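Fold and contact review
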Amino acid sequence: MAIRKRTVKREVDTSELDRWIAGALKRSRDVRPPLRHMQRELVKAHDRLFQTDGAPVGGWAPLKSSTFAEKRSQGYSGGTLVRTGDLENSLTQLTNPMGIRDLGPKSMEFGTRVQYAQFHQTGTRNMHERQVVYVPRTFARETGGRVAKHIVEGTVPTTKEAKGLFNVI
């Protein structure tokens, strides 16, 4: 007796998944939305840096008493790293012309164009190093999570349609 083969044929409509994958691929080519958010977070972090005399980077060395007295006699505030406010403002304002806030499809740059910042950042033989541009400890993880969420979730039409596809950070 001959054995008959039995087969079952099923067709699966993957058009919705195909659209989602195409959208994720498109979003992966331009991650500016989460990077823009992270630039705002860097501005906030640098504002905290200046408000706390460098606490997030271990604290800035206090000014020498002679430097403090000189600043006071010239009418400047006694704050560390603040004479005119140019350096502080370039790092704590989102749209300051001396601030560097460049965004590319997959990259961002944050910093300052204030020329003397480099001397504070690295120090000199006559001046303590006081880190003025820094990356917060959790910044890379937070950026990665936001970028992943942007790529995976993006502008998915409904939560129900995307639910269960991936668990995102």
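Residues numbered from 1 in each chain as written. Predicted model: local features only at pLDDT ≥ 70, side-chain atom pairs only at ≥ 80, totals over all residues. Heavy atoms only, no water.

1. Details of helix H2 (residues 32-51)
Condition: To qualify as a helix, a DSSP run of H or I must reach at least 4 residues; to qualify as a strand, a run of E must reach at least 2; elements of each kind are numbered from the N terminus. Helix span, expected: 1.5 Å multiplied by one less than the number of residues in the helix. Contact definition: two residues touch when any of their heavy atoms are within 4.5 Å.
Given a rise of 1.5 Å per residue, 20 residues ought to cover 28 Å, and the 29 Å separating the end C-alpha atoms of H2 matches this to within 8%. On the buried face of H2, the contacting elements are helix H4 (86-92), strand E1 (99-103), strand E2 (108-112) and helix H6 (139-152). Looking one or two places after H2, you find Asp 53, whose phi comes out positive at around 50 degrees.

2. As for the side chain of Thr 80
Let me state the cut-off plainly: Think of it in three bands: with a 1.4 Å probe and only protein chains considered, a residue is buried below 20% of the maximum accessible area for its type, exposed above 50%, and partly exposed in between.
Examined against the element boundaries, Thr 80 turns out to sit in the loop between helix H3 (65-73) and H4. Looking at Thr 80, the relative accessible area reads 9%, which means it is buried. Dropping the residues within four chain positions of it, Thr 80 is found in contact with Asp 53, Trp 60, Ala 61, Leu 63 and Arg 130.

3. Looking at helix H1 (residues 15-28)
Rules: Directions drawn from the helix axis to the C-beta atoms are what define this arc.
Helix length check: H1, at 14 residues, gives a terminal C-alpha distance of 20 Å against a target of 20 Å (1.5 Å per residue), a fit within 8%. Residues of H1 that are buried include every one of Trp 20, Gly 23, Ala 24 and Arg 27, and no others. Down the axis, H1 shows its buried residues gathered within 100 degrees of arc, on one side only. Elements that come into contact with the buried residues of H1 comprise H6.

4. Overview of a positive patch on the surface
For clarity, the threshold we go by: Residues enter a patch when their relative accessible area is above 30% and they make no salt bridge; the linking distance is 9 Å between like charges and 5 Å between nonpolar side chains (Val, Leu, Ile, Met, Phe, Trp, Tyr). In these tables, accessible area is a Shrake-Rupley quantity obtained with a 1.4 Å probe, and a residue counts as shielded only by the protein chains included in the view. We count a salt bridge whenever a side-chain nitrogen from Lys or Arg sits within 4 Å of a carboxyl oxygen from Asp or Glu. The charged-residue count follows a simple rule in which Lys and Arg add positive charge and Asp and Glu add negative charge, with His and chain termini not counted at all. The atom standing in for a charge is NZ when the residue is Lys, CZ when it is Arg, CG when it is Asp and CD when it is Glu.
Positive charge collects at one region of the surface, where Arg 36, Arg 40, Arg 146 and Lys 149 lie side by side. Elements with a contribution of two residues or more to the positive patch: H2 and H6. Relative to the helices and strands, Arg 36 resides in helix H2. Relative accessible area serves as the criterion here: at 39%, Arg 36 is assigned to the partly exposed category.

5. Details of the packing of H2 against H6
To characterise two packed helices, one gives the angle between the axes of the helices and the distance between these axes. The cut-off we apply is this: A fitted line through C-alpha atoms represents every axis, and for helices the fit uses only the stretch in contact; the resulting angles, taken between N-to-C directions, go from 0 to 180 degrees. An angle below 35 degrees is treated as roughly parallel, one above 145 as roughly antiparallel, one from 65 to 115 as roughly perpendicular, and anything else as oblique. The sense of a crossing depends on the near helix, which, turned anticlockwise from the far helix by less than a right angle, makes the crossing left-handed and, turned clockwise, makes it right-handed.
Running from N to C, H2 and H6 cross one another at 155 degrees; their axes reach a closest spacing of 9 Å. When the axis of H2 is compared with that of H6, the two are roughly antiparallel. Crossing of H2 against H6: the hand is right-handed. For the pair H2 and H6, contact is made by Pro 33, Pro 34, Leu 35, His 37, Met 38 and Leu 42 and by Phe 139, Glu 142, Thr 143, Arg 146, Val 147 and His 150, respectively.

6. With respect to the pairing of E2
To be explicit about the condition: A pair of strands is treated as paired once DSSP finds two or more bridges between them.
Note: E1 against E2, five bridges, orientation antiparallel. Opposite Ile 100, over in E2, you have Gly 111 as the bridge partner. Two successive antiparallel strands, E1 and E2, enclose a turn made up of four residues.

7. Here's the deal with the pattern of salt bridges
This structure, assessed with the given rule, holds two salt bridges. Residue Lys 44 is joined to Glu 41 by a salt bridge in which the shortest nitrogen-to-oxygen separation is 3.2 Å. Highlighted residues: Lys 44 and Glu 41, both in helix H2, separated by three residues, approximately one helical turn.

8. Quick word on the nonpolar core
Generally speaking, nonpolar side chains in soluble globular proteins are found buried as a group. Convention followed: We call a set of buried Ala, Val, Leu, Ile, Met, Phe, Trp, Tyr and Cys residues a nonpolar core when their side-chain atoms join them within 4.5 Å.
With 17 residues, the main nonpolar core has Phe 50, Trp 60, Leu 81, Leu 87, Leu 91, Phe 110 and Val 132 as its most contacted residues. Counting only elements with at least two residues in this core, the list comes to H2 and H4. When sequence neighbours within four positions are dropped, the list of residues in contact with Trp 60 reads Leu 49, Phe 50, Asp 53, Gly 54, Thr 80, Leu 81, Arg 130, Gln 131 and Val 132.

9. Remarks on the confidence of the model for the protein chain
Applied cut-off: For every residue, the predictor assigns a confidence score, pLDDT, that lies between 0 and 100.
Looking at the protein chain, pLDDT values average 87 and 90% of them are 70 or higher. The model gives residues 155-169 a pLDDT under 50, and that stretch makes 13 contacts with residues more than four places away or in other chains.

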